[in-house]
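# Residue-level structure breakdown
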Amino acid sequence: MIGLLRICVLLVLFSVVHSTCQPQRCQPTDPDVLGPYYINLKGQKALNDTNMTLCGPALSQFRHLPLMKVKGHIYDEDCNTTLSNTLIEVWQADNAGVYHWQTCRGYMKSDRNGSYEFWTIHPGWYAIGQGSLYRPAHIHFKVTANGHDILVTQMYFGGDVYLGLNDSCQVCSSDKCDLITTVVTVNTATNQQHNEVNFDVILKRDIVTRVAQVFDQDNEEMEGFPVDRQKRAAMDYANYRSYFKRDHN
């Protein structure tokens, strides 16, 4: 009886998270915690055309598990301009909720259209500390693009009962609608099926880029002004750019 009651409470709280989700506005993707299992690029594998699998059948314990495609685009904060050559680092727990230091982590770069994709297994739940709540299934992302703030976030799956208030991580962002994806089943030309999720990322421009845009706009408005005033404006821009690169990178 207690177990049934607990399940009912979880489902009610899950429905609250999804009932409050509204159509997405144009705004930078919400950040999330980095977590304790990130390692730098030297410990990651490159995901490319010859090996696009993050976590899958290369290891015997995963061979019986179906693969899922994760794909999306990287956008500028205008939500229209795609960002090519963006570094995308991803890592996750396996189906049992266990992190590995040698696998289930990797990196890739977005193509000339700003798109990316990789294959993986569905990550499992795991508990944090004592209690009956778990972390919802998620994949970690760290996205780095020139002229934009670095984004650290997590991608979640719609339908997970541990989203939002049920998340054992009280400081995580599993209640953010833009981080929750919808899993769909795709039929291929060879009558095969696989699950697929789309996760688009919108990056915020960094302070140096913002300063440059302000000065570019001012320079356009200053056409026709005396040359010495235009030179002073150019020097101001150079000084501001040097300051922000030194103290804010």
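Computed from a predicted structure; not experimentally measured.

### Quick word on the packing of aromatic side chains
Tallied over the full model, the rule gives eleven aromatic pairs. The interplanar angle of 70° and the centroid separation of 6.1 Å between the aromatic rings of Y116 and F141 together place this pair among those described as edge-to-face. Of this pair, Y116 sits in strand 6 (residues 115-120) while F141 sits in strand 9 (residues 138-144), and the two are 25 residues apart along the sequence. Exposure class is identical for Y116 and F141. Each is buried. A ring pair is formed by F118 and F141, whose centres lie 6.4 Å apart and whose planes are at 50°; its orientation type is tilted. One end of the pair, F118, is in strand 6; the other, F141, is in strand 9, and 23 residues separate them in sequence. The same class applies to F118 as to F141, namely buried. Among the aromatic residues, those joined into a cluster by ring pairs are Y37, Y99, W101 and Y126.

### A closer look at the sheet that holds strand 5 (residues 105-109)
With respect to topology, six strands assemble into an open sheet ordered 1-5-4-9-10-11, the strand pairing being mixed. Each having just a single partner strand, strand 1 (45-46) and strand 11 (180-181) make up the two edges of the open sheet. In this sheet, strand 11 lies alongside strand 10 (residues 151-157) in parallel orientation, the contact comprising two bridges. Of the residues in strand 11, the one forming a bridge with F157 is T181.

### Focus: the state of the cysteines
Taken as a whole and assessed by the stated rule, the structure comprises three disulfides. For C26, the disulfide goes to C79, at an S-S distance of 2.0 Å. Residues C26 and C79 are joined through a disulfide that is right-handed, its torsion about the S-S bond being 105°. In this pair, C26 is assigned in the loop between helix 1 (2-19) and strand 1 and C79 in the loop between strand 3 (68-76) and strand 4 (87-92), connecting sequence segments 53 residues apart. Residue classification places C79 among the partly exposed positions, given a relative accessible area of 25%. For C169, the disulfide goes to C172, at an S-S distance of 2.1 Å. Around the S-S axis, the bridge from C169 to C172 shows a dihedral of about 80° and counts as right-handed. Relative accessible area serves as the criterion here: at 12%, C169 is assigned to the buried category.

Parameters at a glance
- Residues numbered from 1 in each chain as written.
- Predicted model: local features only at pLDDT ≥ 70, side-chain atom pairs only at ≥ 80, totals over all residues.
- Heavy atoms only, no water.
- Phe/Tyr/Trp six-rings, centres within 6.5 Å; stacked < 30°, edge-to-face > 60°.
- Helix = DSSP H or I, 4+ residues; strand = E, 2+ residues; numbered from the N terminus.
- Buried < 20%, exposed > 50% of the residue type's maximum accessible area, 1.4 Å probe, protein only.
- Pairing = 2+ DSSP bridges.
- Disulfide = S-S within 2.5 Å.

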